[in-house]
Amino acid sequence: MKKISIIMAGLLAVGTLTGCKQNTEPRYQDATKFDLNTPALANQLYQLTPEGVIDLTWSQPDWGFAAAPDYKVQIALEKEFKDLADGETNYYTCATTYHSCVASVSMEEIAIGICTLRGIKTEEDYTQEPPRQLYLRILGQIPQVADSYVTSNVICLDQVEEYCAIQSPGKIYLVGSPEGWKGPDATNQAHYNEWALTEAEDAIGSQIYSKTFAIGAAPMFRFYTALTGWDNDSWGCQVDDNPLDFELTNGEFNFTLVHGKGAFNFPNYEGGDLYMNVDMNTHKFIMIAQ
């Protein structure tokens, strides 16, 4: 009996250890919150300028494993951030995507956001107002995981003096064999103006971009949301820096973009005009031969 008890105890211990190992395996979980730190100068006057920045820091959300998230800054003119009817909101999402928990946020982007929230569309619409309270939070997301969005706490900057900053349509860039694989950085901005998909004039801030390009035979390409170099802001068919072959079906192609450097390759395409539409809200990519 004593021998059996010792064996059973040993089996129980092994089972317990096995269970612990399984329970500590990294796995995705919904992050519930994370902390945006209040700047030391939050109570002082911020006079926004086109060249200025506001430094922000925050903690990383807990998704259950060491993720490589994207972050964006959101601003509002009132403390509560609200999602309204028909996809409208009372807050504005700044354009730049950050890849760490430290950011020097462009004052110009913040000024554009304030003017957008005020409904300012032309210089004639603009009126100077006294410094105002401005509310900020951070939006975090794992690009490869749908519905992984999570927002931080809200902080307040007590005195923010804006200026007239009218928003222009946003852009993303086609990078690849059609344009010559030039480096997607600021030094090649003029080159990439010809290879930009843009928001519609009446849909600024929609993050839906489109353009029709004259494309040669057998194109290979991916997209970049900013001209910051090869590595950070690329979107393609897979994470790995290897192309995959695709075909148009009845002149059309649909795909959900992945935050990575896998290029789309169309070896059997003979050339012609291609309409491209990219919705960065859903990461849907549509291409139609014209």
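Structure's up top.
Structure report, in brief. Here the structure is a predicted model, which is why all the values come from computation and not from measurement.

### Things to note about the pattern of salt bridges
Scanning the model with the defined rule gives eight salt bridges in all. Between E78 and K82 there is a salt bridge, with its nearest N and O atoms 3.7 Å apart. Notably, a salt bridge pairs R132 with E162, separated by 3.2 Å at the nearest N-O pair. On the criterion of sequence distance, the pair formed by R132 in strand β6 (residues 132-141) and E162 in the loop between β8 (155-161) and β9 (171-176) is long-range, its members being 30 residues apart. By the burial criterion, R132 is buried, and E162 matches it.

### A look at helix α2 (residues 107-118)
Under the 1.5 Å per step criterion, the end-to-end length of α2 is 16 Å for twelve residues, consistent within 8% with the ideal 16 Å. Those residues of α2 lying buried are M107, E109, I110, A111, I112, G113, I114 and C115. Structurally, the start of α2 carries an N-cap: the backbone nitrogen of E108 is 3.1 Å from a side-chain oxygen of S106. G119 occupies a position one or two residues after α2 and carries a positive phi of about 80°.

### Details of the packing of aromatic side chains
Overall, the coordinates contain 22 aromatic pairs when judged by the stated rule. Relative to F223, the ring of F221 lies with its centre 5.7 Å away and its plane at 70°, an arrangement referred to as edge-to-face. Both residues of the pair, F221 and F223, belong to the buried class. A ring pair is formed by F246 and F266, whose centres lie 6.2 Å apart and whose planes are at 40°; its orientation type is tilted. A residue pair is termed long-range when its members are at least 10 positions apart, and F246 in the loop between β14 (244-245) and β15 (252-256) and F266 in the loop between β16 (264-265) and β17 (272-279) qualify at 20 residues. Residue F246 is classed as buried on the basis of its relative accessible area, which comes to 16%. By relative accessible area, which is 2% here, F266 ends up buried. Each member of the aromatic cluster is reached from another via a ring pair, and the members are F221, F223, F246, F253, F255, F264, F266 and F285. Just above the ring of Y91 sits the side chain of R137; from NZ or CZ to the centre is 4.8 Å.

### Here we look at the pairing of strand β12 (residues 220-224)
Buried residues dominate β12, accounting for four of its five residues. In terms of strand pairing, β9 meets β12 through four bridges, oriented antiparallel. The residue of β12 that forms the bridge with Y173 is Y224. Pairing of β12 with β16 involves two bridges; the strand directions are antiparallel. Bridge pairing in β16 links M220 to N265. As paired elements, β12 and strand β13 (residues 234-235) share two bridges and run antiparallel to each other. Bridged to F223 within β13 is W235.

### A look at the nonpolar core
Counting residues in each nonpolar core, the largest one holds 35 residues, and the members touching the most others are L48, L56, W58, V73, I75 and L136. Taken together, the elements giving at least two residues each to this core come down to β2 (53-57), β3 (70-76), β5 (102-106), α2, β6 and β8. Examining the composition of this core, we find that five residues originate from one element, α2, more than from any other. Ignoring any residue separated from it by four or fewer positions in sequence, one finds V73 in contact with L56, Y92, T93, C94, Y98, V105, L136, R137 and I138. If you look at the next biggest cluster of nonpolar residues, it comprises 30 residues, including F221, F223, F253 and M287.

Cut-offs applied
- Residues numbered from 1 in each chain as written.
- Predicted model: local features only at pLDDT ≥ 70, side-chain atom pairs only at ≥ 80, totals over all residues.
- Heavy atoms only, no water.
- Salt bridge = Lys/Arg side-chain N within 4 Å of Asp/Glu carboxyl O.
- Helix = DSSP H or I, 4+ residues; strand = E, 2+ residues; numbered from the N terminus.
- Buried < 20%, exposed > 50% of the residue type's maximum accessible area, 1.4 Å probe, protein only.
- Expected span 1.5 Å × (residues − 1).
- Polar contact = N/O pair within 3.5 Å; in protein donor to acceptor, adjacent residues only side chain to side chain.
- Phe/Tyr/Trp six-rings, centres within 6.5 Å; stacked < 30°, edge-to-face > 60°.
- Lys NZ or Arg CZ within 6 Å of the ring centre and 35° of its normal.
- Pairing = 2+ DSSP bridges.
- Core = buried A, V, L, I, M, F, W, Y, C linked by side-chain atoms within 4.5 Å.
- Contact = heavy atoms within 4.5 Å.

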